[in-house]
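An overview of the molecular structure
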Amino acid sequence: MGRAFQNRKESMAKTAAAKTKVYSKYGREIYVVAKAGGVDPSANLSLRGLIERAKKDQVPSHVIDKALDKASGVGGEDFSPARYEGFGPGNCMVIVDCLTDNPNRTFGDVRACFNKAKSKLGTPGTVSHMFDHCAILAFSGDDEEATLEALMEADVDVTDIESEDGLITVFAPHTDYAKAKQALLDAFGELDFELDEIQFVPQTTTPVEGDDIAMFDKLLDTLNDLDDVQNVFHNAEVMAEQD
């Protein structure tokens, strides 16, 4: 789990850099999460984690407050989640998570990105079965046993725990996200989470090399330029050019 996650994290560095519309994407996601679970972060752990992430990414408070105000009001945008799956350059596997108010438009836009990168969009379930849908929580500490004990007492189905360089990383099913986070807060008090996300972590990686690298970069760039795209997950391992 750990190595695959590290590979994905490293190979997706360009994805993070390509998010030129980070404010609007956070605003949209905060609106949806608050609308679904309430606007009080202390009662909505998903919202709390999302706001903390937004602040770490230097999203201004007024962007967060505006999204919360919208969620507490009546009407407003009606965004719904949409997920697309397919094969990218080098036959790597790609999952695209969106929030959209027009699914037909979003599907067309995502399909166009795949087509331009000579890639193929598939049907739901095409590649997601080759990923683990994980809650990932990382925080400063080194007591792996105490962490595991706290999670087990809370009946969290822990997938993996890593302790490295003073950082403990917990992997659990995405359905146990709130339970796992609350168990850690109850056990250790207020924690400053280095990572607090739900992600698709690939079970295996696919090497992308040669001419496919440029196409892969193009696919990520065009997808991340779409307003409706929130996250892009993949199993690509970009291979360094040989001298």
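The present account deals with the structure reproduced in this document. (Residues numbered from 1 in each chain as written. Predicted model: local features only at pLDDT ≥ 70, side-chain atom pairs only at ≥ 80, totals over all residues. Heavy atoms only, no water.)

Attention shifts here to the overall build of the protein chain. Summing up its helical and strand segments, the protein chain has 9 helices and 10 strands in all. Classification of the 243 residues of the protein chain by burial places 43% in the buried group. In the protein chain, the proportion of contacts linking residues at least 24 apart, taken out of those at least 6 apart, comes to 73%. Carbon and sulfur atoms form 48% of the exposed surface of the protein chain, whose accessible area is close to 12,300 Å². (Helix = DSSP H or I, 4+ residues; strand = E, 2+ residues; numbered from the N terminus. Buried < 20%, exposed > 50% of the residue type's maximum accessible area, 1.4 Å probe, protein only. Contact = heavy atoms within 4.5 Å. Areas by Shrake-Rupley, 256 points an atom, 1.4 Å probe, with all protein chains shown as cover.)

Attention now moves to the sheet that holds strand β3 (residues 120–121). Spatially, the 4 strands line up as an open sheet ordered β3-β1-β2-β9, and their pairing is antiparallel. Unpaired on one side and paired on the other, β3 and β9 (229–234) mark the two borders of the sheet. Bridging between strand β1 (residues 80–87) and strand β2 (residues 93–100) involves 8 bridges; their strand directions are antiparallel. Bridge pairing links Pro81 to Leu99 in β2. Where helix α6 (residues 103–116) meets the sheet, its contacts fall on β1, β2 and β3, and the angle it forms with β2 comes to roughly 150°. (Pairing = 2+ DSSP bridges. Axes fitted to C-alpha atoms, helices over the stretch in contact; angles between N-to-C directions.)

Turning next to the packing of aromatic side chains. Using the criterion set out here, one finds 6 aromatic pairs in the structure. Their ring planes at 85° and their centres at 6.1 Å tell us that Phe139 and Phe193 sit as a pair that is edge-to-face. One end of the pair, Phe139, is in strand β4 (residues 131–140); the other, Phe193, is in the loop between α8 (177–188) and β7 (195–202), with 54 residues separating them in the sequence. By relative accessible area, which is 2% here, Phe139 ends up buried. Since its relative accessible area comes to 3%, Phe193 is described here as buried. Through a chain of ring-to-ring contacts, the aromatic side chains of Phe131, Phe200 and Phe233 assemble into a single cluster. (Phe/Tyr/Trp six-rings, centres within 6.5 Å; stacked < 30°, edge-to-face > 60°.)

We now examine the pairing of β9. Of all 6 residues in β9, 5 are buried, a share of seventy percent or more. With 5 bridges connecting them, β2 and β9 associate as antiparallel partners. When the sheet's bridge partners are listed, Asp97 is paired in β9 with Asn231.

For the rest of this paragraph, the subject is the pattern of salt bridges. Inspection of every chain in the model, using the stated rule, returns 12 salt bridges. Salt-bridge contacts for Arg53 lead to Glu29; the nearest nitrogen and oxygen are separated by 4.0 Å. Here Glu29 lies in helix α3 (residues 22–37) and Arg53 lies in helix α4 (residues 45–56), a separation of 24 residues in the sequence. Where Lys179 meets Asp176, a salt bridge forms, and the shortest distance between an N and an O atom there is 3.9 Å. According to the relative accessible area criterion, Asp176 is buried, its value standing at 10%. (Salt bridge = Lys/Arg side-chain N within 4 Å of Asp/Glu carboxyl O.)

Let us look at unusual backbone geometry. At Gln58, a residue that is not glycine, the phi angle is positive and equals roughly 65°. Its location among the elements puts Gln58 in the loop between α4 and α5 (61–72). Taking relative accessible area as the criterion, Gln58 reaches 65% and is therefore assigned exposed. One non-glycine residue, Asp155, adopts positive backbone phi at about 60°. Counting through the fold element by element, Asp155 comes out in the loop between α7 (144–153) and β5 (160–164).

Attention shifts here to the packing of α3 against α5. It is at 8 Å that the axes of α3 and α5 come closest, and there the two elements cross at 35°. Crossing hand, α3 versus α5: right-handed. Counting all contacts with α3, which are made through Tyr23, Gly27, Ile30, Tyr31, Ala34 and Lys35, the residues of α5 involved are Val63, Ile64, Ala67, Leu68, Lys70 and Ala71. Here the contact of α3 with α5 is composed, by residue class, of 9 nonpolar, 1 polar and 2 charged. (Left-handed = near helix turned anticlockwise from the far one by under 90°. Nonpolar A, V, L, I, M, F, W, Y, C, P; charged D, E, K, R; others polar.)

Remember that side chains alternate between the two faces of the sheet whenever the strand is regular. Extensive coverage of β4 is indicated by the burial of 7 of its 10 residues. Note: β4 against β7, 8 bridges, orientation antiparallel. The residue bridging His133 from the neighbouring strand is Phe200, located in β7. As judged from the 7 bridges shared by β4 and strand β6 (residues 167–173), these two strands associate in the antiparallel manner. Following the sheet pairing, Leu137 is matched in β6 by Val170.

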